[in-house]
Amino acid sequence: MSIPVAFHVFVTGHILTGAVGLFSFWVPILARKGGGPHRQGGRVFTYSMLATGSFAIVISLCTIAAPVATHPHLLDHPDFGGPETIRAIFGWMMLYLAILTINLAWYGWLCIHNKRNHLGNREWRNLALQVLLFIAAVNCVWQGLRIGQPLMLGISIIGFATVGTNLWFLYKPKLGPKDWLLEHIKALVGAGISVYTAFFAFGAVRLLPEAALTPGLWAVPLAVGLTLIVYHRRDVMKKERSRRPATDFSA
């Protein structure tokens, strides 16, 4: 199978699994927390993110190996300027985003699966994903500097922040009672930000290639996702405070 043929086969798989993620993301967000629809929707979303991220890794590697053969329509585009720019944006940056998506989905899944066994979160795949994401983020910065693309520099910050906060939780000396839930929310909403960013940005390439580099298309999913994270974190902490017994100062 040639690289262009493999590329298009895996693009199809990426689109199908990504579409499942686009819709299933909202089920655990909107459903009653802890209920059947929440758990089932979250499971479907997690699996779809792991699958679409895996497809994206293969797509990005195909682009890195053969940028012109996989993206012939972009070769003469004024905003991309040749094979090296195509390789950097649709190869290296997409590889970084694919690893970020898998990292967040797997980490978020483990946070709830191991809520009563924190050490279980330090299993080798979870730790390896932190290393891989850090390397991918560093490379994204380097590739962005090489082609003079500030978007690649900015988006890499999310990877560094993800690795830092994930490792802080994994090795935190003293856990709060709801830390696992806060991390679960952060990670899986973060994976949702990733899939919607890919949909709005990379999905626009075929119709309007220059839109892929428009900061607004990247900012909208990020702003919505951060709003959801803040809202649900505040809701969790509010409920946790309400469960604590009030201190009686009358005595």
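Computed from a prediction, not measured in an experiment: that's the story for all the values here.

### With respect to the overall build of the protein chain
(1) Moving on: On a plain count of helices and strands, the protein chain comes out with 9 helices and 0 strands.
(2) Moving on: The secondary structure elements of the protein chain, listed N-terminal to C-terminal, are α-α-α-α-α-α-α-α-α.
(3) Moving on: In terms of C-alpha radius of gyration, the protein chain reaches 20 Å, essentially the compact-globule figure of 18 Å for 251 residues.
(4) Moving on: Taken over the C-alpha atoms alone, the protein chain extends approximately 80 × 35 × 35 Å along its principal axes.
(5) Moving on: Within the structure as shown, the protein chain displays about 12900 Å² of accessible surface, and the carbon and sulfur contribution to it stands at 70%.
(6) Moving on: Separation of charge centres in the protein chain, based on 22 positive and 10 negative side chains, amounts to 12 Å.

### Overview of the side chain of Thr-17
(1) Moving on: Take Thr-17: it is sitting in helix 1 (residues 3–24).
(2) Moving on: Within polar-contact distance, the side chain of Thr-17 engages the side chain of Thr-52 at 3.3 Å.

### Notes on the nonpolar core
(1) Moving on: Ranked by size, the top nonpolar core spans 56 residues in total, and within it Ile-89, Met-93, Tyr-96, Leu-97, Phe-202 and Trp-218 carry the most contacts.
(2) Moving on: Those elements giving two or more residues to this core turn out to be helix 1, helix 3 (36–65), helix 5 (83–113), helix 6 (124–147), helix 7 (150–170), helix 8 (179–200) and helix 9 (215–243).
(3) Moving on: Examining the composition of this core, we find that 16 residues originate from one element, helix 5, more than from any other.
(4) Moving on: Discounting chain neighbours no more than four positions away, the residues touching Tyr-96 are Leu-133, Ala-136, Ala-137, Cys-140, Ile-155, Ser-156, Ile-158 and Gly-159.

### A short note on the pattern of salt bridges
(1) Moving on: Under the counting rule described, the total for this entry stands at 6 salt bridges.
(2) Moving on: With a closest N to O distance of 2.5 Å, Glu-84 and Arg-87 form a salt bridge. Taken together, the residues Glu-84 and Arg-87, both in helix 5 and 3 residues apart, mark about one turn of the helix.
(3) Moving on: Classification of Glu-84 as partly exposed rests on a relative accessible area of 38%.
(4) Moving on: Ionic pairing is found between Glu-183 and Lys-186, a salt bridge with its closest N-O pair at 2.8 Å.

### With respect to the packing of aromatic side chains
(1) Moving on: Following the criterion strictly, the structure yields 8 aromatic pairs and no others.
(2) Moving on: Ring centres of Tyr-47 and Trp-109 lie 6.1 Å apart, and the angle between their planes is 45 degrees; on these two criteria the pair is classed as tilted. With Tyr-47 in helix 3 and Trp-109 in helix 5, this residue pair connects regions lying 62 residues apart in the sequence.
(3) Moving on: Arranged with centres 6.2 Å apart and planes meeting at 80 degrees, the rings of Tyr-107 and Phe-169 form a pair that is edge-to-face. Placement of Tyr-107 in helix 5 and of Phe-169 in helix 7 is noted, with a sequence separation of 62 residues between them.
(4) Moving on: On the accessibility criterion, Tyr-107 (1% relative accessible area) is buried.
(5) Moving on: We classify Phe-169 as buried; its relative accessible area is 4%.
(6) Moving on: Taken together through their ring pairs, the aromatic side chains of Phe-25, Trp-26, Phe-45 and Tyr-196 make up a single cluster.

### Observations concerning the environment of Ala-198
(1) Moving on: As for its position among the elements, Ala-198 is in helix 8.
(2) Moving on: A C-alpha to C-alpha distance of 8.5 Å links Ala-198 and Trp-218, two positions 20 residues apart in sequence.

### So, the packing of helix 6 against helix 7
(1) Moving on: For the pair helix 6 and helix 7, the least separation of the axes is 9 Å and the interaxial angle reads 160 degrees. Judged on the interaxial angle alone, helix 7 and helix 6 are roughly antiparallel. The way helix 6 lies across helix 7 gives a crossing that is left-handed.
(2) Moving on: Among the residues making up the contact of helix 6 with helix 7, the classes are represented as 16 nonpolar, 8 polar and no charged.

Conventions adopted
Each chain carries its own residue numbering, running from 1 in the written order of its sequence. It should be noted that, the model being predicted, local features are given only for residues of pLDDT at least 70 and side-chain atom pairs only at 80 or more, the latter also being counted only at that level, while totals for whole chains, interfaces and linings use all residues. Side-chain metrics rest on all non-hydrogen atoms present in the structure, leaving aside hydrogens and water. Only DSSP runs of H or I covering at least 4 residues are called helices, and only runs of E covering at least 2 are called strands; the numbering of each starts at the N terminus. It is over C-alpha atoms that the radius of gyration is taken, and the globule rule equals 2.2 Å times the number of residues to the power 0.38. Every accessible area reported is derived by Shrake-Rupley at a probe size of 1.4 Å, with residue values counting cover from the shown protein chains alone. Under the counting rule used here, the positive set is Lys and Arg, the negative set is Asp and Glu, and His together with the chain ends is not counted. All charge positions are set by atom: Lys at NZ, Arg at CZ, Asp at CG, Glu at CD. Any pair of N or O atoms that falls within 3.5 Å is considered a polar contact. Within protein, one atom must be able to donate a hydrogen and the other to accept it, and sequence-neighbouring residues count only if both atoms are side-chain atoms. Residues belong to one nonpolar core when they are buried, are Ala, Val, Leu, Ile, Met, Phe, Trp, Tyr or Cys, and are joined through side-chain atoms within 4.5 Å. Note on exposure labels: buried denotes an accessible area under 20% of the residue type's maximum, exposed denotes more than 50%, and partly exposed covers the range between, all computed with a 1.4 Å probe on protein chains only. For this analysis, residues touch if any pair of their heavy atoms sits within 4.5 Å. For salt bridges, the criterion is a side-chain nitrogen of Lys or Arg within 4 Å of an Asp or Glu carboxyl oxygen. Aromatic pairing here means that ring centres of Phe, Tyr or Trp (its six-membered ring) are within 6.5 Å. Orientation follows from the plane angle: under 30 degrees is stacked, over 60 is edge-to-face, and everything else is tilted. Axis angles are defined between N-to-C directions and span 0 to 180 degrees, where every axis is a line fitted to C-alpha atoms and, for a helix, only to the segment in contact. Here the angle decides the label: under 35 degrees means roughly parallel, over 145 means roughly antiparallel, 65 to 115 means roughly perpendicular, and every other value means oblique. Crossings are assigned a handedness: left-handed for a near helix turned anticlockwise from the far helix by less than a right angle, right-handed for a clockwise turn. All amino acids are sorted into three groups, where Ala, Val, Leu, Ile, Met, Phe, Trp, Tyr, Cys and Pro are nonpolar, Asp, Glu, Lys and Arg are charged, and the leftover types, Gly among them, are polar.

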